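Here's the letter readout for the chains.
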Amino acid sequence: MTKIFETPLYPYERTKDQDAAEPVRHPVVVIGAGPIGLAAAIDLARHDVPVVILDENDKVSWGSRAICFAKRPLEILDRLGCGQEMVDMGVQWNLGKVFFGDRKVYDFNLLPEEGHHRPAFINLQQYYFEEYLVNRARVLEAEGKPINLRGGSKVTAVDAKDDGVLMTVETPDGPYRIIADWVIACDGAGSPVRSMMGLDFVGRVFEDNFLIADVVMEAGFPTERWFWFDPPFNKGQSALLHKQPDNVWRIDLQLGWDIDKEKEKKPENVIPRLKAMLGEDAKFELEWVSIYTFQCRRMEKFRHGRVIFAGDAAHQVSPFGARGANSGLQDTDNLIWKLKLVMEGKVPETLLDSYDAERVHAADENILNSSRSTDFITPKSDQSRIFRDAVLDLAEHFEFARPIVNSGRLSVPATYDGSPLNGPDVDEMPRRTRPGAPAVDAPVGNGWLLSRLGDRFQLMTIDAEAPDRIDVSGIEVERLELSAKDDPSGALAERYLGDAQAGIYLMRPDQHVAARWTKFNEAELRSAVNTATGRI
Amino acid sequence: MSELTLKANIDRPDDFYADLLAAHEGLSKAESDALNARLIFVLANQIGDREVLRQALAAAKQAMHRDPARS
């Protein structure tokens, strides 16, 4: 059977740009058709912003790669129109076990909070994730949306000028040139665009190798995340077992620093390691094997004039905590509405600098969390190993030590505290929905709050009066009228009102809170919209 | 805000000291190191207050710098 990641999904096709005498100009070019580039392009096309995506390949990612997708990215995908497929296919999980040496030290249940449409996490192979995004792009294209995915098209030169970006694109028919008003570089951790522009990418290198093996097996293991510290089958190192759809299991084995990568990758060396873990009699088939090292680093700035970096191209973290693809999707979620407003000439170009401020803040949070997980999983000194082992020994007996065990702090969205776009706050309202925070889902009527938010500025009123529509110098703010009574479970009131009787929230197009009040004041609203769009 | 106590606060300190030695009796260096580490986490959890813990770490570090034999 040919696997999805072996099938060309967007094979090279000649375009009329290649026959033009002069480089053809496009409003936006996205470089890289991975999860982040596809999400960016889909978001643009949905808003009728013409977009060309260039990728040197024509297939989805090889091997499962990113496998754990968190709630916030699923909510973003809902807005893009393809969250349901992901959730239907994905494996949901809440339970996990932590082992130390040859013993289980504890079980856990993530116990996700009630009153959210989407689960806390799903496991889904990156190739499915990308396939669904490609399908979504094709549907948009068929509906006449301006999205053009060009496979077999490798960007080999980038000349970023003040008024546009000139690129050379290598194809099977030879090179051609195009110009873009804006470029979004989503070309991965090794970003050729970043290198061609001579930009920095600094941070911390972790001296360790990890073997990833995805195996297909009919196994009796439950749908749980199992993590081993110093297991008998991988002495002194760590191991992870996690389930994906189609009976594919992710196995992650720490190997240490001084190893021969090519040798370790050979099936005759991988299979005995897996048998030591799964049992001599385990029947499995290797789907994908890879050895990776990792780094925690980011670009100093994500925006360089008309070239804007997103996803791994802009920041890289260790895989513990699933913060790579998950944070990349939040990058484009943050960027696209801003870029659209700038392109429409409704707001100053400097609004794009808030992308930098907000997403650098998020990247730093992700780097901090994933570095700390890495320090716990792979102690760097004798003393840090003593502390780590002490926590694990205590965790077996006492509940208090379990929160200190760190086998990855799973991705949660950043709150943009201190963002220049944030407006007024109200003390008696809940902290979790303060300005800068992503909207928290809640049941509303027969549906969900988040399905009614996004893609435009909205004034969400809960038991408060406000006009249905307000135009703020070309930016229309639409009212979403709600009442605490819309949610008998009380979650809406608990999440948005707290001790207040009524609430007025200015929501951004990316479903983040811009400002909030307890009653409507037109002057304050206008000022908050101007602040949230970089006009002030 | 809570403040770290650096005044004598242990009831019958000689007894506590003896208990501490007794707990380590017969242990190897590695076992003692591990016991100390577990003890730190148990005590830290009892304190809980991050500010007090921060002050405790600072006090312990400060005492190290004052040791003339090692400076």
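Reading the values: the criteria
Residues numbered from 1 in each chain as written. Chains lettered and ligands numbered in written order. Predicted model: local features only at pLDDT ≥ 70, side-chain atom pairs only at ≥ 80, totals over all residues. Heavy atoms only, no water. Contact = heavy atoms within 4.5 Å. Buried area = accessible area lost by both parts, 1.4 Å probe. Salt bridge = Lys/Arg side-chain N within 4 Å of Asp/Glu carboxyl O. Nonpolar A, V, L, I, M, F, W, Y, C, P; charged D, E, K, R; others polar. Domains from an automatic or database assignment. Polar contact = N/O pair within 3.5 Å; in protein donor to acceptor, adjacent residues only side chain to side chain. Helix = DSSP H or I, 4+ residues; strand = E, 2+ residues; numbered from the N terminus. Axes fitted to C-alpha atoms, helices over the stretch in contact; angles between N-to-C directions. Parallel < 35°, antiparallel > 145°, perpendicular 65-115°, else oblique. Left-handed = near helix turned anticlockwise from the far one by under 90°. Pairing = 2+ DSSP bridges. Phe/Tyr/Trp six-rings, centres within 6.5 Å; stacked < 30°, edge-to-face > 60°. Buried < 20%, exposed > 50% of the residue type's maximum accessible area, 1.4 Å probe, protein only.

*Asks:* Help me out: how do you make sense of the interface of chain B and chain A in this one?
*Replies:* A common way to state how big an interface is: give the accessible area lost once the parts meet. On the chain A side, the residues contacting the eight residues of chain B number eight residues. Across the interface of chain B and chain A, roughly 720 Å² is buried in total on both sides, 88% from carbon and sulfur atoms. When residues of chain B are sorted by the area they lose upon contact with chain A, Arg38, Phe41 and Asn45 of chain B head the list and together hold 61% of the total. Taken together, chain B and chain A are joined by zero salt bridges. When the residues that make up the side of chain B that touches chain A are grouped by side-chain class, the tally is five nonpolar, one polar and two charged.

*Asks:* Looking at this structure, how should I read the domain arrangement of chain A?
*Replies:* All names here are of chain A. You can read the domains of chain A as domain 1 (4–11 + 26–88 + 110–201 + 296–367) and domain 2 (431–532). Residue-level contacts link 20 residues of domain 1 with 20 residues of domain 2. Together, the buried faces of domain 1 and domain 2 total about 1600 Å²; carbon and sulfur atoms form 48% of this surface. Remark: the boundary between domain 1 and domain 2 carries five salt bridges. Residue Asp455 is joined to Arg79 by a salt bridge in which the shortest nitrogen-to-oxygen separation is 2.7 Å. At the boundary of domain 1 and domain 2, one finds 14 residue pairs in polar contact (both at pLDDT 80 or more). Looking at the side of domain 1 that touches domain 2 element by element, the count peaks at five residues for helix α8 (residues 324–343).

*Asks:* Please explain the packing of helix α2 (residues 71–80) of chain A against α8 of chain A as it appears in this structure.
*Replies:* Residues and elements named next belong to chain A. Two elements in contact, α2 and α8, have axes whose closest approach is 9 Å; the angle formed by their N-to-C orientations is 45°. In terms of orientation, α2 and α8 fall into the oblique class. Viewed along their axes, α2 and α8 form a crossing whose handedness is left-handed. Across the interface between the two elements, Arg72, Pro73, Ile76 and Arg79 of α2 pack against Asn326, Leu329, Gln330 and Asp333 of α8. In the contact of α2 with α8, the residues fall into three nonpolar, two polar and three charged.

*Asks:* What's the story with the sheet that holds strand β3 (residues 68–70) of chain A in this structure? I'm lost.
*Replies:* Hydrogen bonding along the main chain pairs the strands of a sheet, whether they run parallel or antiparallel. Residue and element names in this part refer to chain A. Across the sheet, which stays open at both edges, the three strands sit in the order β3-β7-β4 with antiparallel pairing between neighbours. Among the strands making up the open sheet, the edge pair consists of β3 and β4 (91–92). Sheet analysis places β4 next to strand β7 (residues 121–123), joined by two bridges and oriented antiparallel. What sits directly across from Val91, in β7, is Asn123. Against the sheet, α2 engages β3 and β7, with an angle of about 75° to β3.

*Asks:* In this structure, what is going on with the packing of aromatic side chains? I would like to understand it.
*Replies:* Aromatic ring pairs: the centre-centre distance and the angle between the two ring planes describe each pair. Residue and element names in this part refer to chain A. This structure, assessed with the given rule, holds 23 aromatic pairs over all chains. With a centroid separation of 5.5 Å and an interplanar angle of 15°, the aromatic rings of Phe210 and Tyr292 are classed as stacked. Of this pair, Phe210 sits in strand β12 (residues 202–216) while Tyr292 is found in strand β16 (residues 285–298), placing the two residues 82 residues apart along the sequence. Since its relative accessible area comes to 13%, Tyr292 is described here as buried.

*Asks:* Sorry if this is basic, but what is going on with helix α12 (residues 522–532) of chain A here?
*Replies:* Working note: α-helix, 3.6 residues per turn, so residues spaced by three or four point in the same direction. All names here are of chain A. Regarding α12, the residues found buried are Leu525, Ala528, Val529, Asn530, Thr531 and Ala532. Two or three places before Ala523, at the opening of α12, Asn521 has a side-chain oxygen 3.0 Å from that residue's backbone nitrogen. Gly534 sits one or two residues past α12 and shows a positive phi near 70°.

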